Amino acid sequence: MASPPDSPIEDVVYELEPTRMPKVIPVALEDLCRETKFSKQEIRVMYRGFKTECPEGVVHEDCFKDIYAKFFPHGNSSLYAHYVFKAFDVNCNGAISFRDLLVTLSTLLRGSVYERLRWTFKLYDLNGDGRISRSELAEVVLAIHELMGRRSHQMEDDRKAREQIDRVFRKLDLNQDGIITVEEFLEACLRDDHMTRSLQMFDYEL
Ligand code: CA
Ligand code: CA
């Protein structure tokens, strides 16, 4: 696979086109500015860092897992890193390109509460069907517990954990029909500051 050229020549960066036979295509910085909340100069700096860390031009899941393992050395971060990777992988081709990275970082760092919540929803919606089931919520919560190095193996059998997940689920499932829609998720989180913090800061206190 050809690597993207080293540094942005003035006003473009190089992207690997998401096809089965990836090819390098130039992307105008102007387009990236429009798609994100970063300035040209910020994008140039980030691209330089990206090229140093990922000379291939994309981040693969293994690399992502290595980064998480460094940040959370006391837990098993592999499952949670997998879920986050999926949420970063905007076009679902198994690799995070510079553009994917930029779009998500822009949402997480500069997005409105609303945009950040939409991203969080996507993280929890593991099968991408636009709704969060109880089992999806439970899987992500348990992955977070593994990440933090809390007791994990019997967690799903643990009555206390089940009750806590049920409680969170009930709060988010406003009409109590057994699924959380994106509208319910946004409304419940915007209504309850503590909920928003719990979902984003891994603070489930199980
Ligand atoms: Ca789902
Ligand atoms: Ca519902």
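These figures come from a predicted structure and were not determined experimentally.

1. Topic: the coordination of the calcium ion (ligand 2)
Next up, step 1: Here the calcium ion (ligand 2) is held by D173 (OD), N175 (OD1), D177 (OD), I179 (O), E184 (OE) and E184 (OE), and the distances to it run 2.3 to 2.4 Å.
Next up, step 2: For the calcium ion (ligand 2), the six donor atoms in the first shell make angles of 55 to 156° at the metal, so the coordination geometry reads as irregular.
Next up, step 3: Here D177 falls in the partly exposed class, since its relative accessible area comes to 45%.

2. Notes on the packing of aromatic side chains
Next up, step 1: Inspection of the entire model under this criterion finds nine aromatic pairs.
Next up, step 2: Seen in terms of ring centroids, F64 and Y68 are 5.7 Å apart; in terms of plane orientation they differ by 40°. Their pairing is tilted. Within this pair, F64 and its partner Y68 are both found in helix α3 (residues 61–71), separated by four residues, close to a single helical turn.
Next up, step 3: Aromatic pair Y68 and F72: ring centres 5.9 Å apart, planes at 15°, arrangement stacked.
Next up, step 4: On the accessibility criterion, Y68 (17% relative accessible area) is buried.
Next up, step 5: The exposure class assigned to F72 is partly exposed, which follows from its relative accessible area of 22%.
Next up, step 6: Joined through ring pairs, the aromatic side chains of F64, Y68, F72, Y80, F85, F88 and W119 make up one cluster.

3. Observations concerning the nonpolar core
Next up, step 1: In terms of nonpolar packing, the biggest core is built from 50 residues, with Y80, L137 and L172 touching the most fellow members.
Next up, step 2: The biggest single contributor to this core is helix α7 (residues 134–147), with eight residues.
Next up, step 3: Formed jointly, this core draws a minimum of three residues from each of two domains, domain 1 (12–110) and domain 2 (113–201).

4. A few points about α7
Next up, step 1: Compared with the 20 Å implied by 1.5 Å per residue over 14 residues, the 20 Å span of α7 between its first and last C-alpha is a close match.
Next up, step 2: α7 sits mainly inside the fold: 10 of its 14 residues count as buried.
Next up, step 3: For α7, the full list of buried residues reads E136, L137, A138, V140, V141, L142, A143, I144, H145 and L147.
Next up, step 4: A positive phi of about 75° marks G149, the residue just after α7.

5. Some remarks on the environment of E53
Next up, step 1: Mapping E53 onto the fold places it in helix α2 (residues 40–53).
Next up, step 2: Taking C-alpha positions, E53 is 9.9 Å from C63, a pair spaced 10 residues apart along the chain.

6. Describing the coordination of the calcium ion (ligand 1)
Ideal coordination angles are 109.5 degrees for a metal with four donors arranged tetrahedrally and 90 or 180 degrees for a metal with six donors arranged octahedrally.
Next up, step 1: Note on the calcium ion (ligand 1): its protein donors are D125 (OD), N127 (OD1), D129 (OD), R131 (O), E136 (OE) and E136 (OE). The metal-donor distances range over 2.2 to 2.5 Å.
Next up, step 2: The coordination sphere of the calcium ion (ligand 1) comprises six donor atoms, whose angles at the metal cover 53 to 154°; the geometry is irregular.
Next up, step 3: Taken in sequence order, the residues that donate to the calcium ion (ligand 1) follow the motif D-x1-N-x1-D-x1-R-x4-E.
Next up, step 4: N127 sits in the exposed class, given a relative accessible area of 53%.
Next up, step 5: On the accessibility criterion, R131 (39% relative accessible area) is partly exposed.

Analysis parameters
Throughout, residues of each chain are indexed from 1 in the direction in which the sequence is written. Lettering of chains starts at A and numbering of ligands starts at 1, both following the order in which they are written. Owing to the predicted nature of the model, reporting of local features is limited to residues with pLDDT of at least 70; listing and counting of side-chain atom pairs is limited to 80 or more, with chain, interface and lining totals taken over all residues. Just so you know, side-chain values use all the structure's heavy atoms and leave hydrogens and water out. Metal coordination here is assigned from N, O and S atoms located within 2.8 Å of the ion, or within 3.2 Å for Na, K and Ca; omission of water means that sites may look incomplete. Note on geometry labels: four donors, all angles 85 to 135 degrees, give tetrahedral; four donors become square planar and six octahedral when opposite donors are over 155 degrees apart and every other angle is between 65 and 115; remaining cases are irregular. Three labels apply to residues, based on accessible area from a 1.4 Å probe with only protein chains included: buried if under 20% of the type maximum, exposed if over 50%, partly exposed otherwise in between. Only the six-membered ring of Trp is used, alongside the rings of Phe and Tyr, when aromatic pairs are assigned; centres must lie within 6.5 Å, and planes under 30 degrees apart are stacked while those over 60 apart are edge-to-face, with the rest tilted. Working definition: helices are DSSP H or I runs of at least four residues, strands are E runs of at least two. Numbering for both runs from the N terminus. To form a nonpolar core, buried Ala, Val, Leu, Ile, Met, Phe, Trp, Tyr and Cys residues must be joined to one another through side-chain atoms within 4.5 Å. Where each domain begins and ends follows an automated or database-derived domain assignment. To estimate how far a helix should reach, multiply one less than its number of residues by 1.5 Å.

Keep in mind these values describe shape, not function.
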